[in-house]
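# Geometric and topological summary
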Amino acid sequence: MIQDWSTLLAPAVQDRIALLLNHVLSRESVATDRLRPHAGRVLRVHLAGWPALLPAAPDMLLAITPAGLLERLDGAPQEALRIEVDASNPAALALGALSGTKPGVQVQGDAALAGDISWLMDNLRWDIEDDLAKLVGPLPARQLARWGEAAAQACGALARGAAGLMKSRGA
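Reading guide: rules and limits
Residues numbered from 1 in each chain as written. Predicted model: local features only at pLDDT ≥ 70, side-chain atom pairs only at ≥ 80, totals over all residues. Heavy atoms only, no water. Salt bridge = Lys/Arg side-chain N within 4 Å of Asp/Glu carboxyl O. Buried < 20%, exposed > 50% of the residue type's maximum accessible area, 1.4 Å probe, protein only. Pairing = 2+ DSSP bridges. Helix = DSSP H or I, 4+ residues; strand = E, 2+ residues; numbered from the N terminus. Axes fitted to C-alpha atoms, helices over the stretch in contact; angles between N-to-C directions. Contact = heavy atoms within 4.5 Å. Phe/Tyr/Trp six-rings, centres within 6.5 Å; stacked < 30°, edge-to-face > 60°. Lys NZ or Arg CZ within 6 Å of the ring centre and 35° of its normal.

## Regarding the pattern of salt bridges
When charged atoms on two side chains of opposite charge get close, those side chains can pair. If you walk through the whole model with that rule in mind, you get 7 salt bridges. Where R72 meets D74, a salt bridge forms, and the shortest distance between an N and an O atom there is 2.8 Å. A relative accessible area of 17% places R72 in the buried class. Residues joined by salt bridges that share partners form a network here, namely D15, R72 and D74.

This is the structure we're talking about:
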């Protein structure tokens, strides 16, 4: 029997996203310092506008740990800060994440936690070049980062063009 992606693949993908988020958070002590007072609180990340042609993307639930990091949850809590990410163009969203571009986001819920989450989204970025430099050295990492930026810009332009074409055709 074939299971849908939300029960089979989504938890694994969400675990990897949580690991990446924790990697970015742990590199900046100010980030974990901002989250520590909210330990035990839960974030619900919802992908708004997810294309109907793709398998449904379930909400991701993340608990804030006492260390100021994030832990993916399986169960649905009663209260959670809702983070709505514009996912109407998943390709552009993924490329934007790699290039450090902030997606369209709405945060709803507790004002103090929402303020800290908004601050983190505005001020934290994944330094891919620095991580690559640890693996291959600084010069190859810089070149790989340049190639990656060029590829991301080209793919982003392609994704925006495809989205515009779909809108003009009424799809």
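## Re the sheet that holds strand β5 (residues 105–108)
Strand order in the open sheet formed by 5 strands is β3-β2-β1-β4-β5, with mixed pairing between adjacent strands. Sheet topology places β3 (70–73) and β5 at the edges, where each strand pairs with a single neighbour. The sheet shows a mean angle of 25 degrees between the axes of neighbouring strands, direction not considered. Here 4 bridges tie strand β1 (residues 42–48) to strand β2 (residues 60–64), and the two strands are oriented antiparallel to one another. Counterpart to V42 in the pairing with β2 is A63. Against the sheet, helix α2 (residues 10–26) contacts β2 and β3, and its axis sits at roughly 170 degrees relative to β3.

## Concerning the packing of aromatic side chains
For the coordinates displayed, the defined rule picks out 0 aromatic pairs. Over the ring of W119 we find R34; its NZ or CZ atom is 4.1 Å from the centre of that ring.

From the geometry alone we can't say anything about function, so treat these as descriptive.
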